[in-house]
Structures are given as structure tokens and as C-alpha cells.
Amino acid sequence: MDNLHQQTACSAGAEAILSLQPSSSISLTYHSLFGPHNDLMLLELDDKLLPDILHQRVTLRGQPDEDAVLCTSSKTYAVKFVGTSNSMLLIPPSEDVSRSRNNKDDGSLAVASVLKVAPGCMELVEVAPKLDELKLLLSQKPYSFGEASEMDISEEREETGLGLYRWEDLVERIQASDEELKMGLQSISAVEIDGYWRILDDSYMHAILSMLLHNVILSNWSINALDEDEVLGMLEADGFPRNIAKHCLQAYGNKVDDEGACVSHLWILDERRVCVCLAREILKGGKMKLEIFMEKWMRKLPDGMCASFEMLEGEILTEKLGIETWLYPFSVSSLPSTPAERFAILFQQRLKWEWKDLQPYVRDLKVPGLTSEALLLKYTRRSQPTAEAEPVFSAR
């Protein structure tokens, strides 16, 4: 770099570099504060992310033992350092912009001062949110029969923090954008109770559903037109907190889009969600003969609902033992969302999978930049003895 005399050189900053014309040049010198400046990092951005950065709509999230991720309101990005063989020079703006712009008028030579030589830059790569930690955290203390109707948190429990997390706690712990975190809470059927996000114990959820179905029979309600106020009032009278009863309606039903001026909303029970819940309760004991299961399952169904074996895709697996068919619970909701961990568990469960059995356990996997076919190529081997045969997948 040229070290020019002060009387013949004009200190020019980044403005001079930006306005440099093709085939022209500029002299460089060391800035008076030149050094490693490890507190300064270069970040390469896609144009679509620039508004979020400039308007401070991004956050860095991660624990001290984790690699940091950058989150916008709706997406999560891994932060990767990419080295380069070319020197990247960091040149700050000139302190005297007006003089640098007019330097060619006074005959002085523009010189740009380099503050730092960067060996590379940080790059953002979109990644799937790390929501497995969310399930793990909220599973520490599910809401159950043992708790009072209105949660009473003592000072001792507040201090120890036994499995109780507010929204701000989850934002700090979970590497996901706010929108992805909300979707994750919804996917595990979490509910906010007294400011804490909780999942309900399976037995407790089943008890609420059973009481709801019992009241449907007693009150001769239609499962396709449940009055919200009546249902919540009845469940509240049975000892369930109103917000928990409302959560049950949301978990097992869908609100009817009524265009009239009804005071209370109407709900319709979701056939698949109700049937799956009843099936899970039956299979809590483990493996069961198909015929016995189907008999118990059909007996539990409320009038007006029809169950089919297809509803249990991703919930149960079957196996042949002689001439008998047995089934056992194996829910996709219990599997990790990371593809490598997911496929490892699947092939521990079975060495070979037919596509019709495997598909329900992999269709929810989402990796930015990779299609479902690419995931299968990466983690499985496909074999097909004949063109007519069903493809079979084994571990790669």
C-alpha cells in the first residue's frame, strides 16, 4: 500500500471506492486505527433479508454451547463462516465527505484508508427450526390431574423453574423464529396457563374428551353443531377449568364458519382427531391383536363417527405373527425432526420399510433446499425387484 505525503494526498473513504470507475485505480494506505478488529465481522446478505437487517427485525438466538442462528419474524438461518483466498479490505467512510468528493478539483490525490483485512465473511443459510427442544422442555411437567383447576405457583416452584416456561423463556431457549415457535406450540397442542406454556398429560386430555363425548350423549347434542357456551359450561361444571375446556375443543374440533349473528360459536368434532385419541388410549398397554383392537375401537366411537384404519397412518405399525396380525403404537409425533436422527430411529425399528409404511413417518420432514426425494437419496437405499413390486427402503 502506498504511504503518500499529506500535502499531496486526500483521505477518501468508502465513498471513493463505491464511485470508482472501470479501468481506474485508487491508492490505499493503512488507517491510523488499522488492526485485527475481531469485534467486526462481515456478513453477506441476500437482498430479501436486507430490510429486516436495516430495520433491526432480526435476533441472534442460541445457548452458549450452541452455534448461533439468526431469526427473522418467520425464518431461521444458520450463521456460517466462509473463508476466502482473496483479501477483503474494510474501508470506513471518510471523515470529510465533502473534501473527498471535490478532491479532483483541488488537484490532490485520493487515498482510501484500510481499517481491517478480513479473511472471510459470515454467510446465512436457511435451516429448519430446532423444535425438538420445545417438546423436551414442555414434557418436563405436563399439566395433569394433580394440579388445581387454577394453577397455583408457589415461590419455591417459581424459583426452581421445574418445567415451567413463559413465552420469553422459550424465545431465549429455542432456536426458531417467533412464527415457527408459535407453529411448534400449536403442533404439540400446547396451551398457555397462567402465563406458562404447557402441554396436557395424555390421560388428562383423554379424560376431557371422554367427558365431552359423555355430555354429547346425555344432552343429545349433535357432534356437527356443538354450542361453545353450552359445552364449556358443562365441562366447567364437571371440574375442568374453562380455558382447558376451550383448548380441548380446539384440539378435537373445528369452529364452524357461521355467517349469522350467533351469540355463541358452533363447533364440529374432527372425526380423525377423535378417533386417533381413542385408539391411542386403547393401545397404551402395548401390542394387541388387530381383531381385539378393532372391536374395542369401534365400541368407543360416538354415534355419527366412522373410523377407518387409514386414520392411524403414522400412529401404529403392524406385524404378522403366523396367521395373526398384531399392531402396536409408534407415533410420528414422538420422533425427532432432524432427518439423520429420524431415519436412524426408523431403521432401528425396522431394517426394511415398504413405501406405504415409511411415507407417513417422513412426509413431515422439511429441510430448506432439499426435496423429499433428495432426503430419501441421502439417508436410504431403494430396492425394487420388479417394476410392479413395491419399493423397499433400507439404511444407507
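Residues numbered from 1 in each chain as written. Predicted model: local features only at pLDDT ≥ 70, side-chain atom pairs only at ≥ 80, totals over all residues. Heavy atoms only, no water.

**Things to note about the overall build of the protein chain**
Convention followed: Put simply, DSSP marks the helices as runs of H or I at least four residues long and the strands as runs of E at least two long, and each gets a number from the N terminus on. Summary of the burial criterion: residues with accessible area below 20% of their type's maximum are buried, those above 50% are exposed, and those between are partly exposed, where the area comes from a 1.4 Å probe applied to protein chains only. What makes two residues a contact is simply this: any of their non-hydrogen atoms within 4.5 Å. Every accessible area reported is derived by Shrake-Rupley at a probe size of 1.4 Å, with residue values counting cover from the shown protein chains alone.
Along its length, the protein chain carries 15 helices and 19 strands. Out of the 396 residues in the protein chain, the part that is buried amounts to 36%. Counted over contacts in the protein chain with a minimum sequence separation of 6, partners at least 24 positions apart contribute 65%. Roughly 23600 Å² of accessible area belongs to the protein chain as shown, and the carbon and sulfur atoms make up 52% of that amount.

**Overview of the sheet that holds strand β12 (residues 253–255)**
How we decide: Paired strands, in this sense, are two strands between which DSSP finds at least two bridges.
In space, the three strands of this open sheet follow the order β11-β13-β12, with antiparallel pairing throughout. Two strands in the sheet have a free side with no partner beyond their single neighbour: β11 (226–227) and β12. The pairing of β12 with strand β13 (residues 266–269) spans three bridges and is antiparallel. Across the sheet, Asn254 pairs through a bridge with Ile268, a residue of β13.

**Here we look at the packing of aromatic side chains**
Formally: Side-chain rings of Phe, Tyr and Trp (the six-membered ring for Trp) are treated as a pair once their centres are within 6.5 Å; stacked means planes under 30 degrees apart, edge-to-face means over 60, and tilted covers the remaining angles.
Overall, the coordinates contain nine aromatic pairs when judged by the stated rule. Relative to Tyr204, the ring of Tyr143 has its centre 5.5 Å away and its plane inclined at 65°; by these criteria the two rings are edge-to-face. Of the two residues, Tyr143 is situated in the loop between α4 (132–138) and α5 (155–160) and Tyr204 in helix α8 (residues 202–219); the sequence distance between them amounts to 61 residues. What makes Tyr143 buried here is its relative accessible area of 1%. Aromatic side chains Trp355 and Phe393 sit 5.6 Å apart centroid to centroid with 50° between the ring planes, which places their arrangement in the tilted category. Within this pair, whereas Trp355 is found in helix α14 (residues 355–362), its partner Phe393 is found in strand β19 (residues 392–395), the two being separated by 38 residues in sequence. The exposure class of Trp355 is partly exposed, given its relative accessible area of 30%. The class of Phe393 is buried, set by a relative accessible area of 4%.

**Some thoughts on the pattern of salt bridges**
Put simply, the rule is: Salt-bridge detection follows one rule: a side-chain nitrogen of Lys or Arg within 4 Å of a carboxyl oxygen of Asp or Glu.
If you walk through the whole model with that rule in mind, you get 17 salt bridges. In this structure, the salt-bridge partner of Arg57 is Asp52, at a minimum N-O distance of 3.0 Å. Given a relative accessible area of 16%, Asp52 falls into the buried group. A salt bridge links Arg342 to Asp364, with the shortest nitrogen-to-oxygen separation between them at 2.9 Å. Of this pair, Arg342 sits in helix α13 (residues 339–349) while Asp364 sits in the loop between α14 and α15 (372–379), and the two are 22 residues apart along the sequence. Residue class for Arg342 comes out buried when judged on its relative accessible area of 1%. One salt-bridge network, in which partners are shared between bridges, spans Arg350, Glu354, Lys356 and Asp357.

**A few points about the nonpolar core**
Put simply, the rule is: For this analysis, a nonpolar core means a set of buried residues of the types Ala, Val, Leu, Ile, Met, Phe, Trp, Tyr and Cys, connected via side-chain atoms within 4.5 Å.
Counting 44 residues, the largest nonpolar core has Leu200, Ile208, Tyr252, Leu269, Val274, Phe293 and Trp297 as its most contacted members. Secondary structure elements with two or more residues in this core: β9 (190–193), α8, α9 (228–237), α10 (242–252), β13, α11 (271–282) and α12 (290–300). Among all residues touching Val274, those that are not within four sequence positions of it are Leu209, Leu213, Tyr252, Leu269 and Met305. Judged by nonpolar contacts, the second largest core, of 15 residues, contains Phe330, Leu335, Leu358 and Leu375.

**Quick word on the packing of α11 against α12**
For clarity, the cut-off: Orientation is described by lines fitted to C-alpha atoms, with helices fitted over the stretch in contact, and by angles between N-to-C directions that extend from 0 to 180 degrees. For classification, angles of less than 35 degrees are called roughly parallel, those exceeding 145 degrees roughly antiparallel, those between 65 and 115 degrees roughly perpendicular, and all remaining angles oblique. Helix crossings fall into two classes, left-handed where the near helix is turned counterclockwise from the far one by less than a right angle and right-handed where it is turned clockwise. Asp, Glu, Lys and Arg are counted as charged, while Ala, Val, Leu, Ile, Met, Phe, Trp, Tyr, Cys and Pro are counted as nonpolar; the rest, among them Gly, fall into the polar class.
Running from N to C, α11 and α12 cross one another at 130°; their axes reach a closest spacing of 10 Å. One element, α11, and the other, α12, form an angle in the oblique class. Once α11 is placed against α12, the crossing between them reads as right-handed. Residues Cys275, Leu278, Ala279 and Ile282 of α11 lie in contact with α12, whose contacting residues are Phe293, Lys296, Trp297 and Lys300. Here the contact of α11 with α12 is built from residues that sort into six nonpolar, no polar and two charged.

**Topic: a nonpolar patch on the surface**
Formally: Note that patches include only residues with greater than 30% relative accessible area and no salt bridge, and the join distances are 9 Å for like charges and 5 Å for nonpolar side chains (Val, Leu, Ile, Met, Phe, Trp, Tyr).
Among the surface-exposed residues, Tyr30, Phe34, Leu89 and Val117 lie close enough to one another that they form a single nonpolar patch of about 350 Å² accessible area. For Phe34, a relative accessible area of 35% gives the class partly exposed.

**Focus on the sheet that holds strand β14 (residues 288–289)**
Sheet architecture is open: three strands sit in the order β14-β16-β15, paired in antiparallel fashion. Because the sheet does not close on itself, it has two edges, and the strands there are β14 and β15 (316–321). Taken together, the six bridges between β15 and strand β16 (residues 324–329) define a ladder with antiparallel strand orientation. The residue bridging Lys320 from the neighbouring strand is Thr325, located in β16.

**Details of the packing of α9 against α10**
The N-to-C vectors of α9 and α10 enclose an angle of 125°; their axes lie 9 Å apart at closest approach. For the element pair α9 / α10, the angle class is oblique. Handedness of the α9/α10 crossing: right-handed. Across the interface between the two elements, Glu228, Asp229, Val231, Leu232, Gly233, Leu235 and Glu236 from α9 touch Arg242, Ala245, Lys246 and Leu249 from α10. Among the residues forming the contact of α9 with α10, the class breakdown is five nonpolar, one polar and five charged.

**Quick notes on the confidence of the model for the protein chain**
Under the convention used in this document: As a per-residue measure, pLDDT reflects the predictor's confidence and takes values from 0 up to 100.
Scored by pLDDT, the protein chain comes out at a mean of 86, with 88% of its residues at no less than 70. When mean pLDDT is taken per element in the protein chain, α13 scores highest with 96 and helix α3 (residues 97–101) scores lowest with 46. Every residue in residues 97–107 scores below 50 in pLDDT, and together they form 11 contacts with partners more than four places removed in sequence or on other chains. Counting contacts from residues 153–157, a segment whose pLDDT is below 50, to residues more than four positions away or on other chains yields eight contacts.

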